[in-house]
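# Inside the fold
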Amino acid sequence: EDQVTQSPEALRLQEGESSSLNCSYTVSGLRGLFWYRQDPGKGPEFLFTLYSAGEEKEKERLKATLTKKESFLHITAPKPEDSATYLCAVQAYRRALTFGSGTRLQVQP
Amino acid sequence: EPEVTQTPSHQVTQMGQEVILRCVPISNHLYFYWYRQILGQKVEFLVSFYNNEISEKSEIFDDQFSVERPDGSNFTLKIRSTKLEDSAMYFCAGRMGVNTEAFFGQGTRLTVV
């Protein structure tokens, strides 16, 4: 059974204080690892797809990396508008996404 | 930018009633999904739909649930006899390829009373 564990559950940062979110996974035949952002009461918003170990993707203040067992979402110099829940999901071959419980990020000005 | 549209945004129904949740996926998507998220919990997979048939379903998707793509554009989720525990946000999602990123709608908040 595919499993995704995200840590920490919640993270409070000061504006400009960089940090990383972790996503550990167990999946039979990884076909992709996905990061999403979710604002309260809204649907998940796609951020990144990573397909193989060693791959990295960047977008503004966010950078996602992937190893064979985990992925990190690095947030550099965050701003209050980066406050959201960040979701990690894995994809096995021809399967639907399996999501983790997410990390609730709060960035204080 | 194309987006996945879900209606209604919020539905309140009495226990035992039937509800239909509607979704208009992005036009060039081929794979369609329903997920749900109970308040404070993780996003859970319900069912996937490809080529006008169910391709995968979770143990949550029992006989009270059904999906249809009646007219080639809309994608619906029907819950025949709602229970209190069906109260959740229901998300529709679509993707172009089987391993590409999925795009989600804004959800329907279903409240069963």
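Up top is the structure these notes are about.
What counts, and where the lines are drawn
- Residues numbered from 1 in each chain as written.
- Chains lettered and ligands numbered in written order.
- Predicted model: local features only at pLDDT ≥ 70, side-chain atom pairs only at ≥ 80, totals over all residues.
- Heavy atoms only, no water.
- Buried < 20%, exposed > 50% of the residue type's maximum accessible area, 1.4 Å probe, protein only.
- Helix = DSSP H or I, 4+ residues; strand = E, 2+ residues; numbered from the N terminus.
- Pairing = 2+ DSSP bridges.
- 1 Å grid on protein atoms, 1.4 Å probe; cavity = no way out; pocket = protein on both sides within 12 Å on 5 of 7 lines; lining within 4 Å.
- Points joined across faces, edges and corners; volume = space filled by probe spheres on them.
- Nonpolar A, V, L, I, M, F, W, Y, C, P; charged D, E, K, R; others polar.

### A short note on the pairing of strand E7 (residues 62–66) of chain A
All names here are of chain A. Most of E7 is tucked away, with four of its five residues classed as buried. Both strand E6 (residues 56–59) and E7 contribute to a ladder of four bridges, which runs antiparallel. Each bridged residue has a counterpart across the sheet, and for lysine 59 the counterpart in E7 is leucine 62. Counted between consecutive antiparallel strands, the loop separating E6 from E7 contains two residues, among which glutamate 60 sits at a positive phi close to 55°. By the bridge criterion, five bridges tie E7 to strand E8 (residues 70–75) in an arrangement that is antiparallel. For alanine 64, the partnering residue across the bridge sits in E8 and is leucine 73. The turn joining E7 and E8, which pair antiparallel and follow one another in sequence, is formed by three residues.

### Overview of the layout of surface pockets
If a probe as big as a water molecule is rolled over the atoms, it shows which places are left empty. Its boundaries defined by the atoms lining it, the largest pocket holds a volume of some 550 Å³. Around the largest pocket, the lining is made up of 20 residues, and of these Glu1(A), Asp2(A), Thr98(A), Phe45(B) and Ser58(B) lie nearest the centre. Broken down by secondary-structure element, the contributors of at least two residues to the lining of the largest pocket are strand E1 (3–7) and strand E10 (97–99) of chain A together with strand E5 (44–50) and strand E6 (53–57) of chain B. If one sorts the elements of the lining of the largest pocket by residue count, E10(A) sits on top with three residues. Grouping the constituent residues of the lining of the largest pocket by class yields eight nonpolar, four polar and eight charged.

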